[in-house]
Amino acid sequence: MTPTPPATAALAVGDAPGPGGTARAAQPRRRQVARGLFRSPAFLAGALVLLFWVVDAIFWPFLAPQDPQKVFPEILQGPSAAHLLGTDNLGRDVLSRLLAGASTVLTVAPAATALGLLGGVALGLVTGYYRGLVDDVAMRVVDAFLAFPLVILAVLVLTTLGPSELNVIILIGVTFTPLVARTVRSAVLAQRDLDYVAAARLQGESGPRIMVAEILPNVLGPIIVEGTVRLGYAIFTSATLSFLSLGIQQPSPDWGLTISLGQANLQVAPWIVLFPALALATLVVAVNLVADGLSQAVKA
Amino acid sequence: MGAFIAKRLALSLLTLLLVSVVVFLVAQVLPGDIGRTILGPYATNAQVAQLDAQLGVDRPLAVRYFEFVRGFVTGDWGTSYLLQQPVRALVVGHLGDSLVLGLFAMILIVPISLGFGVLAAHRRNGFVDRIISITGLSLIALPEFVAGTILLVVFGVTLKWFPVSSAVPNGDPADIVRQLLLPSIPLMCVLFGYISRMARAGTIEALESDYVRTAVLKGLPRRRVLFQHVLRNSLLPSITVISAQTGYLVGGLVVVEKLFNYPGVGSLIYTSATGHDLPVLEAAVLMIAALFTVANLCADLLYGVLNPRIRLTSE
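If you're wondering where the values come from, they're calculated on a predicted model, not measured in any experiment. Residue positions are counted from 1 within each chain, in the order its sequence is given. Chains carry letters from A onward and ligands carry numbers from 1 onward, assigned in written order. Two thresholds apply to this predicted model, a pLDDT of at least 70 for residue-level local features and 80 or more for giving and counting side-chain atom pairs, whereas whole-chain, interface and lining totals are computed over all residues. Where side-chain values are given, they derive from all heavy atoms of the structure, hydrogens and water being excluded.

J.: Residue-level account of the overall build of chain B, with values.
T.: Secondary structure elements are taken from DSSP: a helix is a run of H or I of four residues or more, a strand is a run of E of two residues or more, and numbering for both begins at the N terminus. Counting secondary structure elements, chain B contains 14 helices and zero strands. When the helices and strands of chain B are placed in sequence order, the string is α-α-α-α-α-α-α-α-α-α-α-α-α-α. Dimensions of chain B, computed from the C-alpha atoms along their principal axes, are close to 85 × 60 × 35 Å. Partly exposed describes any residue whose relative accessible area lies between the buried limit of under 20% and the exposed limit of over 50%, with all areas from a 1.4 Å probe on protein chains only and scaled to the type maximum. The proportion of buried residues among the 315 residues of chain B is 48%. Here a residue-residue contact requires only that any non-hydrogen atoms of the pair lie within 4.5 Å. Long-range pairs, those at least 24 residues apart, make up 72% of the contacts in chain B with a sequence separation of at least 6. In this description, accessible areas are obtained by the Shrake-Rupley approach with a 1.4 Å probe, and a residue is regarded as covered only by the protein chains that are shown. Roughly 15200 Å² of accessible area belongs to chain B as shown, and the carbon and sulfur atoms make up 66% of that amount. His residues and chain termini do not enter the charge count, which takes Lys and Arg as positive and Asp and Glu as negative. To locate a charge, take NZ of a lysine, CZ of an arginine, CG of an aspartate or CD of a glutamate. In chain B, which carries 23 positive and 18 negative side-chain charges, the distance between the mean positions of the two groups comes to 14 Å.

Structure follows, in structure tokens:
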């Protein structure tokens, strides 16, 4: 075990919630967080919009007025009673494709986020708990990663591996891993010198057990916040990759892909791209408002 | 100061070296057989082997990496597979056009973001602060192609104020605004969020310091405290954020340049990546990494010059 300067330890004790985070202490704290959240109009608005798109992503077959792939004879028509948001260049119903298109981005982004969280939490726990050489090396790699624009890396990797949803998930998940690890690591650093960890160690608990059973429950707050923030970035990135034709392929009604293909008819049928763009805008803004609300509530 | 500069310089070179390895590995090793990737699944093995030999990619990895770095450093960047043009002129030309677009966005948005960040801190936790924070938060989240598409539909197609496809402007100021304003707004949206948030945090920290309390207590007017005491310290952290955003900016340029058909380095990277034009791709990405590293180095040095505390502790 590496010695820690006393200043850090004192700071950590001051910042931490109660040692051990006993069940009795956790209950009112959780209620307090929930109350804070429900008082924030920005969080509530974000949560409602997000809920709407999640429900839509699951139940769109019941919500969409038409089959999103069905071709009607009237092509490139503006909004009308028969097609509320118009039709696209093949005569497909824009509203139905809009409602069906939420499901791809809301599958790829959460899957990528989950992958990044899994790797990042594991890496963060290990680097934060053991510190030393592993820590130094890992953090230098993270810095090198940060120096590289994610979109460029994605273009490089996906054009060589081939565009697919699975590749997008893996790519985003892998790039998120060091970023999540960094957050988890700093949360673990604040915990590792507290009394309950020392007690567990003296009791003879193994390193992995202390990390998972003792420290992990006490750093869940920052992990949840990091998860929502990452989800926002995952939606941003996966939609962008769809737009660059590096993700899901035709004839999916995916929003990013639809916007990319719709550019060809921008002048004659702007509604094809406008509505998916507005839908994506509401989704990403909603996720960010939820993430911000959560981080404010956890900090308070 | 000398030791400080030397340390930063060494770190920058190390980063560049790492990036060159990453670029090389991703571009040359990940695809497996480069000849096969270029020729597609229907070419015969003999054709693939011949192309591999012609491109020199049948040699050992270490040799190829050494050649790649040597070529880059000596200025021999090779010839484009697709366009049969010298890579250097191609990359430098496109980079210049992107720089025009990126600088246009930066020059417009940096003062605006700093101003709103300071204003938000000044009115901390009030209504104005919440509005600025939530706006910044929402704009950060907006993918460039989403903001760009909405702008194109409203100002390009419906109102017809701006062209739907942007060319490199001639020197005329009116033409610069006409060609560059629309594509630069999506970039500015994201930048505004980051920079204003940093300026706000920095200003709040400065407002809470002892020297500001002293200034207020000795009866200086609020405005004078803000401009003469707070801002010099509070805007320091923003320098780092602004330089760090050059990396983001390049990623954003790939998207924006594709959307607006602007012939910059972003669209060059995209077309060379999809066309497996390795010499162009490697050179463009490496140039961007170099630019990014230099920008960060400058920011670090500027920060050190403006803030003696950093310089002194690192020595």
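J.: Explain the overall build of chain A residue by residue, including any values.
T.: Per the secondary structure count, chain A includes twelve helices and zero strands. Going from the N terminus to the C terminus, chain A shows its helices and strands as α-α-α-α-α-α-α-α-α-α-α-α. Expressed as a percentage of its 300 residues, the buried residues of chain A come to 52%. For chain A, the share of sequence-separated contacts (at least 6 apart) that also reach a separation of at least 24 residues comes to 72%. For chain A, the accessible surface area stands at approximately 13600 Å², while carbon and sulfur atoms represent 69% of it.

J.: Before we move on, could you go through unusual backbone geometry and cite the residues and values that matter?
T.: In this structure, A:Pro251 follows A:Gln250 across a cis peptide bond, with omega equal to 0°. Structurally, A:Pro251 is set in the loop between α10 (220-243) and α11 (255-262). Phi is positive for B:Gln84, close to 55°, though the residue is something other than glycine. Among the structural elements, B:Gln84 can be located in the loop between α4 (61-74) and α5 (87-122). Backbone geometry at B:Lys160 places phi at a positive 60°, although glycine is not the residue there. Examined against the element boundaries, B:Lys160 turns out to sit in the loop between α7 (144-158) and α8 (173-207).

J.: Outline the packing of helix α4 (residues 94-130) of chain A against helix α7 (residues 165-191) of chain A, supporting the account with residue identities and numerical values.
T.: Residues and elements named next belong to chain A. Note on method: axes are straight lines fitted to C-alpha atoms, helices fitted across the in-contact stretch only, with angles between N-to-C directions ranging 0 to 180 degrees. The N-to-C vectors of α4 and α7 enclose an angle of 35°; their axes lie 5 Å apart at closest approach. Crossing hand, α4 versus α7: right-handed. The residue inventory of the contact of α4 with α7, partitioned by class, reads 19 nonpolar, nine polar and two charged. Two helices crossing with the near one rotated counterclockwise from the far one by less than a right angle form a left-handed crossing, whereas a clockwise rotation gives a right-handed crossing. Under the grouping applied here, Gly and all other residues not named as nonpolar or charged are polar, the nonpolar ones being Ala, Val, Leu, Ile, Met, Phe, Trp, Tyr, Cys and Pro and the charged ones Asp, Glu, Lys and Arg.

J.: Tell me about the UniProt feature "transmembrane region" (unreviewed entry) in chain B, and please be specific about residues and values.
T.: UniProt positions are given in the numbering used here, feature names are shortened, and annotations may be inferred rather than shown by experiment. When the UniProt feature table is mapped onto this chain numbering, "transmembrane region" (unreviewed entry) sits at residues 99-119, 131-156, 176-195, 234-256 and 283-306 of chain B. Overall, residues 99-119 of chain B shows 100% helix and 0% strand. The separation of its end C-alpha atoms is 30 Å.

J.: Got a sec to walk through the interface of chain B and chain A? Specific residues and values, please.
T.: By a widely used convention, the size of an interface equals the accessible area lost when the partners come together. Taken together, the 40 residues of chain B in the interface contact 39 residues of chain A. Counting the surface lost from both chain B and chain A, the interface buries some 3700 Å², and carbon and sulfur atoms represent 81% of this. Whenever Lys or Arg places a side-chain nitrogen within 4 Å of a carboxyl oxygen from Asp or Glu, that contact is recorded as a salt bridge. At the junction of chain B with chain A, the criterion picks out zero salt bridges. Any pair of nitrogen or oxygen atoms within 3.5 Å is treated as a polar contact; in protein, a donor-acceptor pairing is required on top of that, and neighbouring residues in sequence qualify only through side-chain atoms on both sides. Counting every contact that joins chain B to chain A gives three residue pairs in polar contact (both at pLDDT 80 or more). Two parts placed together each lose some accessible area under a 1.4 Å probe, and adding up what both lose gives the buried area.

J.: Would you mind going over the packing of aromatic side chains in detail, with residue names and values included?
T.: Residues and elements named next belong to chain B. Any two of the Phe, Tyr and Trp rings considered here, Trp counted by its six-membered ring, make a pair once their centres fall within 6.5 Å; the pair's planes then place it as stacked at under 30 degrees, edge-to-face at over 60, or tilted in between. With the rule as written, the count across this model stands at ten aromatic pairs over all chains. An angle of 25° between the planes, with centres 5.8 Å apart, marks the rings of Phe 24 and Phe 68 as stacked. Here Phe 24 is found in helix α1 (residues 2-29), whereas its partner Phe 68 is found in helix α4, with 44 residues between them in sequence. Across this residue pair, the class does not change: Phe 24 and Phe 68 are buried. Geometrically, the ring pair formed by Phe 116 and Phe 192 is edge-to-face, given 6.0 Å between the ring centres and 75° between the ring planes. Of this pair, Phe 116 sits in helix α5 while Phe 192 is found in helix α8, placing the two residues 76 residues apart along the sequence.

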